[in-house]
Number of protein chains: 2
Amino acid sequence: MTHNFCAGPSILDKSVLNKIAQAYSDYNNTGLALVETSHRTDTFMEIIEGAQQLLKELLQLPEHYEVLFLTGGASSQFYMVPMNVLNENQTAAYINTGTWAQKAIKEAQLFGNTKTIASSEEAKFTYIPKELPTTDGFRYLHLTTNNTIYGTQYRSGYPQVNCPLVADMSSDILSEPRDMTQFDLIYAGAQKNLGPVGSTIVIINKALLGQVDRKIPTMLNYQTHINRGSVFNTPPVMSIYGCYENLKWIKEQGLDNIRDRNKAKAELFYNTVDKLSCFYTTVAKEDRSVMNATFHIKEEAASQAFEELCKEAAIVGIKGHRSVGGFRASMYNALKLESVEALAEVMNQIEAKFG
Amino acid sequence: MTHNFCAGPSILDKSVLNKIAQAYSDYNNTGLALVETSHRTDTFMEIIEGAQQLLKELLQLPEHYEVLFLTGGASSQFYMVPMNVLNENQTAAYINTGTWAQKAIKEAQLFGNTKTIASSEEAKFTYIPKELPTTDGFRYLHLTTNNTIYGTQYRSGYPQVNCPLVADMSSDILSEPRDMTQFDLIYAGAQKNLGPVGSTIVIINKALLGQVDRKIPTMLNYQTHINRGSVFNTPPVMSIYGCYENLKWIKEQGLDNIRDRNKAKAELFYNTVDKLSCFYTTVAKEDRSVMNATFHIKEEAASQAFEELCKEAAIVGIKGHRSVGGFRASMYNALKLESVEALAEVMNQIEAKFG
């Protein structure tokens, strides 16, 4: 059994993968593979509407939220959010918790003013800044709920704000029950806990829209996709189908159980790091991500031995992001506790030899 | 056997579908499904680079062309082309051959001036306008090589122009050998002859870029994706893999053979329409599309009987686009001659009863 710690595209449950594979032959006795089927058919409309409904149900979204299936990844939302929401003379506040937040700030600057009201850059993004100045007067505050590269995550609630709250939830949406009504706009690339790579989910409080002066290209206007139920043009059919199947899997598991399992995996991992002298993490204890645990090994020789042992144990995707080095264990919903046990076992072996 | 005449997403060869399905379990003995694999791995880099190389080979593209795998469909290229190429004080020429051309014109108007230098709108888009005024002084001329909705296609070459030529080739790229060096920018949604829905191919003569004044969001700048080989952010991994497998299939078949087969299918279909009194097409003979044949049935009773017989014969996706009504037989590369024979057989049965 391979233990898949990839940061994304990442692990999905086997049952979900089998469903998608099956849809490439005969889908639901239609005589066609789903990928060969028009997106205007009842067959596909049931899938996309089902996926939207189920996501609303799992996230307990009130009626005034819309769920969109778009493309282009979270990277496209970095500019689509300000393009749709921020006027040229307005200011959007950002919390800088690392690479993805910085990219979001850079794109917003093309459309209006931005102000970074909190940052952990001075400490190499090893914590989540919690003290914020007032958010009065900002068009919105943008934050990244989980920082895949640095291994930090909001673990004890989100800031209380006096402006709309926008969140990049790419790497921790649906990892636990969460009050989504705190947020006015949420976006996430599908390829972690939502489903297979290829679509991007945007959840919007409709009240946020219709207030910018600029002309927006049709495909980049959220309203286009709201009006047409995300099928204005050909959507990423197979990714949306995979999301639907994965959402059904999440529902079967129960989001409470998923949270408990994610917590158990993270506890096992961080307890192992804390107990072993060869390993360390620079992330502030209260901000350690349940999804992406970043860590380091003190000695180069131990580091090499660790990589070799991981390979032997079929542990893959454990290298840190190329911009920060070190190691990273991504422990998304579909990763089993036994995979973290396998990793802990390898870490203990390293400790026995180098500790 | 189901006969799939869907206009898109559309038929792919079974061998290609089987390859993609297989990649959802263990890909190439990596122990992981491809969809669970990071796009930064050698595994995926071989796929995307392989697909780019193979597309260049099949289309015989010289070195100064770049091949990009993006998302958002051709609908996103309607604005990305002018955003990247057309300055505010410049004018782009368009040929209006129907819905998709009109949508492209609408988006270009957000970025600069447009001039429709030829149109078949007065004849409900039943032909391709061939007489053009001079194209001196335009930033580019944009045309749609095949019009999926109206069933028209450039069959006897493209206009000679004095400016760069831009083409939406969504529904007929790779349907025949074609001199691509006539064009400076070509775009196409993948979901017809290129591969499975979920990616969008852009082919650019690099000389066209770097000449606009506006600031372009990072993700919308062609140069971003050229610089990063289409993996600036997480690309649509599975659609790209499917394209690669489909391109390999095209290479095995040979593009000459594909052209001959497409021609044989179209001839059988149009000969049948021309010979039978119950059926007709409004498309000018010389502009009839080899990919999407639109047609009508004179009597309502015959029309209903036709739909029923199609159902019995497992002929699907035969209804015309909702904006024009009637019927449409999309005959993409993977459709077999026997499927057109099955359709012709049903048409002959209708003639026997209603003719």
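Residues numbered from 1 in each chain as written. Chains lettered and ligands numbered in written order. Predicted model: local features only at pLDDT ≥ 70, side-chain atom pairs only at ≥ 80, totals over all residues. Heavy atoms only, no water.

Peer 1: Got a minute to help me understand the overall build of chain A in this structure?
Peer 2: For chain A, the count of helices and strands is nine helices and 14 strands. Scaling as 2.2 N^0.38, a compact globule of 355 residues should have a C-alpha radius of gyration of about 20 Å, and chain A matches this with 21 Å. Here chain A holds 355 residues, and 63% of them are scored as buried. Restricting to contacts in chain A with at least 6 residues of sequence separation, those with at least 24 account for 69%. Accessible surface, chain A as shown: approximately 13,300 Å² in total, 45% of it carbon and sulfur. (Helix = DSSP H or I, 4+ residues; strand = E, 2+ residues; numbered from the N terminus. Rg over C-alpha atoms; globule rule 2.2 N^0.38 Å. Buried < 20%, exposed > 50% of the residue type's maximum accessible area, 1.4 Å probe, protein only. Contact = heavy atoms within 4.5 Å. Areas by Shrake-Rupley, 256 points an atom, 1.4 Å probe, with all protein chains shown as cover.)

Peer 1: Teacher, can you tell me more about the pattern of salt bridges here?
Peer 2: Close approach of charged atoms allows side chains of opposite charge to pair. Evaluation of the coordinates by the stated rule reveals 28 salt bridges over all chains. For Lys319 of chain A, the salt bridge is made with Glu307 of chain A, and the minimal N-O distance between the two is 3.5 Å. Separated by 12 residues along the polypeptide, Lys319 of chain A in the loop between β13 (315–316) and β14 (327–330) and Glu307 of chain A in helix α8 (residues 300–312) bring together distant segments of the chain. You can call Lys319 of chain A exposed: its relative accessible area is 51%. Classification of Glu307 of chain A as partly exposed rests on a relative accessible area of 32%. In this structure, Asp287 of chain B and Lys130 of chain B form a salt bridge, with 2.9 Å as the shortest nitrogen-oxygen distance. (Salt bridge = Lys/Arg side-chain N within 4 Å of Asp/Glu carboxyl O.)

Peer 1: What's the story with the packing of aromatic side chains in this structure? I'm lost.
Peer 2: Using the criterion set out here, one finds 27 aromatic pairs over all chains in the structure. Note on Tyr94 of chain A and Tyr140 of chain A: the rings are 5.9 Å apart at their centroids and 70 degrees apart in plane angle, and the pair reads as edge-to-face. In this pair, Tyr94 of chain A sits in strand β3 (residues 91–96) while Tyr140 of chain A sits in the loop between β4 (113–119) and β5 (141–144), placing the two residues 46 residues apart along the sequence. Judged by its relative accessible area of 0%, Tyr140 of chain A falls in the buried class. Aromatic side chains Tyr27 of chain B and Tyr241 of chain B sit 5.4 Å apart centroid to centroid with 85 degrees between the ring planes, which places their arrangement in the edge-to-face category. (Phe/Tyr/Trp six-rings, centres within 6.5 Å; stacked < 30°, edge-to-face > 60°.)

Peer 1: What should I look at first to understand the relation of the copies chain B and chain A in this one?
Peer 2: The two chain copies are connected by a rotation around an axis plus a translation along it. Note on the identical chains: chain B maps onto chain A by a rotation of 180 degrees and an axial translation of 0.0 Å, with an RMSD of 0.0 Å. Such a combination of rotation and displacement between the chain copies is what one expects of a two-fold axis. For chain B, the residue whose C-alpha comes nearest the rotation axis is Ala21 of chain B, separated from it by 2.2 Å. Taken together, the interface assignments show that 100% of the residues at the interface of chain B recur at the interface of chain A, consistent with an identical surface on both copies. (Least-squares fit on C-alpha atoms with pLDDT ≥ 70 in both.)

Peer 1: I'm lost on the interface of chain B and chain A in this one. Help?
Peer 2: Reports often express the size of an interface as the amount of accessible area lost when the parts come together. If you look at the interface, chain B gives 50 residues, while chain A gives 50 residues. Buried surface at the junction of chain B and chain A, summed over both partners, amounts to about 4,100 Å²; 60% is from carbon and sulfur atoms. Linking chain B with chain A are zero salt bridges, by the criterion used here. In this assembly, chain B and chain A are joined by 16 residue pairs in polar contact (both at pLDDT 80 or more). Within the residue set of the side of chain B that touches chain A, elements represented by two or more residues are α1 (14–23), α3 (73–85) and α4 (99–108) of chain B. The greatest single-element share of the side of chain B that touches chain A, amounting to four residues, is contributed by α3 of chain B. Looking at side-chain class alone, the side of chain B that touches chain A contains 25 nonpolar, 17 polar and eight charged residues. (Buried area = accessible area lost by both parts, 1.4 Å probe. Polar contact = N/O pair within 3.5 Å; in protein donor to acceptor, adjacent residues only side chain to side chain. Nonpolar A, V, L, I, M, F, W, Y, C, P; charged D, E, K, R; others polar.)

Peer 1: Explain the layout of surface pockets to me, please; I cannot follow it from the model alone.
Peer 2: If a probe as big as a water molecule is rolled over the atoms, it shows which places are left empty. Counted as a void, the second largest pocket has a volume near 660 Å³. For the second largest pocket, the lining is made up of 17 residues, of which Phe111, Arg214 and Lys215 of chain A together with Phe111 and Arg214 of chain B are closest to its centre. Residues that form the lining of the second largest pocket fall into these classes: nine nonpolar, one polar and seven charged. (1 Å grid on protein atoms, 1.4 Å probe; cavity = no way out; pocket = protein on both sides within 12 Å on 5 of 7 lines; lining within 4 Å. Points joined across faces, edges and corners; volume = space filled by probe spheres on them.)

Peer 1: Where do I start with unusual backbone geometry in this structure?
Peer 2: A negative phi angle characterises most non-glycine residues, just as the trans form characterises most peptide bonds. Residue and element names in this part refer to chain A. Cis geometry marks the peptide bond from Gly8 to Pro9, where omega comes out at -10 degrees. Positive phi, close to 50 degrees, is recorded for Gln60, a residue that is not glycine. Among the secondary structure elements, Gln60 is positioned in the loop between α2 (42–58) and β2 (65–70).

Peer 1: Please explain α2 of chain A as it appears in this structure.
Peer 2: Residues spaced three or four apart along an α-helix face the same direction, because each turn holds 3.6 residues. Residue and element names in this part refer to chain A. Here α2 contains 17 residues, and its C-alpha end-to-end distance of 24 Å stays within 8% of the 24 Å for a straight helix at 1.5 Å per residue. Turning to α2, its buried residues number three or more, namely Phe44, Ile47, Ile48, Gly50, Ala51, Gln52, Leu54, Leu55, Lys56 and Leu58. On its buried face, α2 sits against β2, β10 (200–205), α6 (237–253) and α7 (255–275). A positive phi of about 50 degrees marks Gln60, the residue just after α2. (Expected span 1.5 Å × (residues − 1).)

Peer 1: Got a minute to help me understand the packing of α7 of chain A against helix α9 (residues 337–354) of chain A in this structure?
Peer 2: Residue and element names in this part refer to chain A. Taken N-terminus to C-terminus, the directions of α7 and α9 make an angle of 5 degrees; their axes are 9 Å apart at the nearest point. The angle between the axes of α7 and α9 places the two elements in the roughly parallel class. Across the interface between the two elements, Ala264, Lys265, Leu268, Phe269, Thr272, Val273 and Lys275 of α7 pack against Leu337, Val340, Glu341, Leu343, Ala344, Met347 and Asn348 of α9. For the contact of α7 with α9, the per-class residue count stands at nine nonpolar, two polar and three charged. (Axes fitted to C-alpha atoms, helices over the stretch in contact; angles between N-to-C directions. Parallel < 35°, antiparallel > 145°, perpendicular 65-115°, else oblique.)

Peer 1: I keep staring at the domain arrangement of chain A and nothing clicks. Help me out?
Peer 2: Residue and element names in this part refer to chain A. Looking at chain A, the domain boundaries give domain 1 (14–253) and domain 2 (254–354). Each of domain 1 and domain 2 was reduced to a C-alpha centroid, and the two centroids are 27 Å apart. Taken residue by residue, the interface counts 26 residues in domain 1 and 27 residues in domain 2. Buried area between domain 1 and domain 2, both sides added, is near 2,200 Å², and the carbon and sulfur share of it is 54%. The largest contributions to the domain 1 side of the interface with domain 2 come from Ile149, Pro177 and Gln253, which together make up 24% of the buried area. The interface formed by domain 1 and domain 2 includes two salt bridges. For the pair domain 1 and domain 2, the interface holds 18 residue pairs in polar contact (both at pLDDT 80 or more). Residue assignment for the side of domain 1 that touches domain 2 shows that the elements contributing at least two residues are β7 (152–153) and α6. (Domains from an automatic or database assignment.)

Peer 1: Teacher, can you tell me more about the environment of Asp172 of chain B here?
Peer 2: Residue and element names in this part refer to chain B. Inspection of the secondary structure puts Asp172 in the loop between β8 (165–168) and β9 (185–189). By relative accessible area, Asp172 is classed as buried at 0%. The spatial distance from the C-alpha of Asp172 to the C-alpha of Pro236 is 22 Å, given a sequence separation of 64 residues. Excluding its chain neighbours within four sequence positions, the residues that come into contact with Asp172 are Thr145, Asn146, Gln153, Arg178, Asn193 and Met291. A distance of 3.0 Å separates polar atoms of two side chains, one belonging to Asp172 and the other to Arg178.

Peer 1: When you look at α6 of chain A in this model, what are you seeing that I'm missing?
Peer 2: Taking 1.5 Å of rise per residue, the 17 residues of α6 of chain A would be expected to cover 24 Å, and the 25 Å separating its terminal C-alpha atoms lies within 8% of that figure. One or two residues past the end of α6 of chain A sits Gly254 of chain A, with phi positive at roughly 90 degrees.

Peer 1: How should I be thinking about the nonpolar core in this particular structure?
Peer 2: Nonpolar side chains tend to gather and get buried jointly when the protein is soluble and globular. Counting 186 residues, the largest nonpolar core has Phe269 and Phe306 of chain A together with Phe269 and Phe306 of chain B as its most contacted members. Those residues within four positions of Phe269 of chain B in sequence are excluded, and the remaining contacts are Ala293, Phe295, Ala329, Met331, Val340, Leu343 and Met347 of chain B. Residues Leu185 and Leu209 of chain A together with Val85 and Tyr187 of chain B belong to the second largest nonpolar core, which totals 62 residues. (Core = buried A, V, L, I, M, F, W, Y, C linked by side-chain atoms within 4.5 Å.)

Peer 1: Explain the sheet that holds strand β12 (residues 292–297) of chain A to me, please; I cannot follow it from the model alone.
Peer 2: Adjacent strands of a sheet form backbone hydrogen bonds with each other and so pair up, either parallel or antiparallel. Residue and element names in this part refer to chain A. Read across the sheet, three strands follow the order β11-β12-β14 without closing on themselves; strand pairing throughout is antiparallel. In the strand order of this sheet, the two ends are held by β11 (279–280) and β14, each with one partner. As paired strands, β12 and β14 are joined by four bridges and run antiparallel to one another. In the strand pairing of β14, Thr294 is matched with Arg328. Contacts from α8 reach β11, β12 and β14, with the element oriented near 130 degrees to β12. (Pairing = 2+ DSSP bridges.)

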